Amino acid sequence: MNATVTEAVGQLLGAPVRQARPLSGGDINEAYAVTVGDGRAFFVKTNRAPPPGMFAAEARGLAWLAASGAIRVPAVVAASECFLVLELIEPGQPSASFDAELGRGLATLHRAGPPMFGLDHDNFIGRLPQSNRAADRWGAFYRDERLEPQWKRAVDAGLIPSALQRSFARLLDGLDARVGPPEPPARLHGDLWGGNLMCDARGAPCLIDPAAYGGHREVDLAMMRLFGGFREATFAAYREVHPLADGHEERVHLYQLYPLLVHVNLFGGSYVASVESALRALV
């Protein structure tokens, strides 16, 4: 952690930083377990050139998820333009009820949804901007604020072949019929892959690094299946608390398309084949 950030963190916490231990994980930011002079320990995430407002938006998202009381997220301590200070979650071994607790907690989180699709502020997924402009129809929100911005970014970067552009246009033409029966907005984590799930010292689940907003709950569930890391017992416990609408299995590719496009824009063309596969299953 560089000297400027170290000094600024110490000033915000009211005690100088005595130790900053690098932590692994994450592709966008640097992470540290920080101990200050009075013995308190914190988690600090920093970036040498973050998009303006990125850490403030994450802090607001964490607080918004925590307000549901559904599942543990790290408490926000302080945020600035170049770093975020959070409660340090000490890792542990999953309890016997970990998977079921995660499924029930996620279902409860989703049920504590906002009145509209979107959120009262924009945020980021990774380092990419994510518009949360409110909408009263999920199909319109998913098209206008999720799929189209990421698609345009990828096309403008020359990452998308023309044949895929035609498939995407056909998908958008029929999108309203594909998004599933109407449901109230869910309180989404928004970036729920296995790397954003922790086990705390009590053996209970904890969610980190959100890209939160009000959306369709199948978005979180589809992303959980995209890269693995979640056991079937979690999905079974979820369904017991919050049963899924008919046809949810046919919508998995649709709701995996957004994170796949994000990965194309963050990490390059190696994910284009996955986008093509999802589109082939849809149109």
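Conventions adopted
- Residues numbered from 1 in each chain as written.
- Predicted model: local features only at pLDDT ≥ 70, side-chain atom pairs only at ≥ 80, totals over all residues.
- Heavy atoms only, no water.
- Helix = DSSP H or I, 4+ residues; strand = E, 2+ residues; numbered from the N terminus.
- Buried < 20%, exposed > 50% of the residue type's maximum accessible area, 1.4 Å probe, protein only.
- Contact = heavy atoms within 4.5 Å.
- Pairing = 2+ DSSP bridges.
- 1 Å grid on protein atoms, 1.4 Å probe; cavity = no way out; pocket = protein on both sides within 12 Å on 5 of 7 lines; lining within 4 Å.
- Points joined across faces, edges and corners; volume = space filled by probe spheres on them.
- Axes fitted to C-alpha atoms, helices over the stretch in contact; angles between N-to-C directions.

Q: What is the right way to look at the environment of R239 in this model?
A: Considering the arrangement of structural elements, one finds R239 in helix α7 (residues 232-241). Judged by its relative accessible area of 31%, R239 falls in the partly exposed class. Placed 108 residues apart in sequence, R239 and S131 show a C-alpha to C-alpha distance of 29 Å. With near-sequence residues (within four places) excluded, R239 lies in contact with R225, E232 and L244.

Q: So what exactly am I meant to see when it comes to unusual backbone geometry here?
A: As a rule of thumb, non-glycine residues mostly have phi less than zero, and peptide bonds are mostly trans rather than cis. Phi is positive for D209, close to 50°, though the residue is something other than glycine. In this structure, D209 sits in the loop between β10 (205-207) and β11 (213-215).

Q: Explain the pairing of strand β5 (residues 83-87) here, please?
A: Put simply, side chains in a regular strand alternate between the two faces of the sheet. The buried fraction of β5 is high, at four of five residues. Bridge count between strand β3 (residues 41-46) and β5: five bridges; the pairing is antiparallel. Looking at the pairing, K45 lines up with L84 of β5. Pairing of strand β4 (residues 76-79) with β5 involves three bridges; the strand directions are antiparallel. Along β5, the bridge assignment pairs A79 with L84. If you look at the hairpin formed by β4 and β5, you'll find three residues sitting between the two strands.

Q: Just to check I follow, could you spell out empty space enclosed by the protein for this structure?
A: Counting across every chain of the model gives one cavity of 30 Å³ or more. Empty space within the largest cavity amounts to approximately 40 Å³. Looking at the largest cavity, the residues that line it are M1, N2, V5, E30, T46, N47 and R48.

Q: Please explain the sheet that holds β5 as it appears in this structure.
A: On the basis of which strands lie adjacent, the open sheet formed by five strands has the order β1-β2-β3-β5-β4 and antiparallel pairing. With one partner strand each, in any of the chains shown, β1 (17-23) and β4 form the two edges of the open sheet. Each adjacent strand pair in this sheet contributes to an overall mean axis angle of 25°, direction not counted. The strands that helix α1 (residues 3-13) touches are β1, β2 (30-36), β3, β4 and β5; relative to β5, the one it contacts most, it runs at about 45°.

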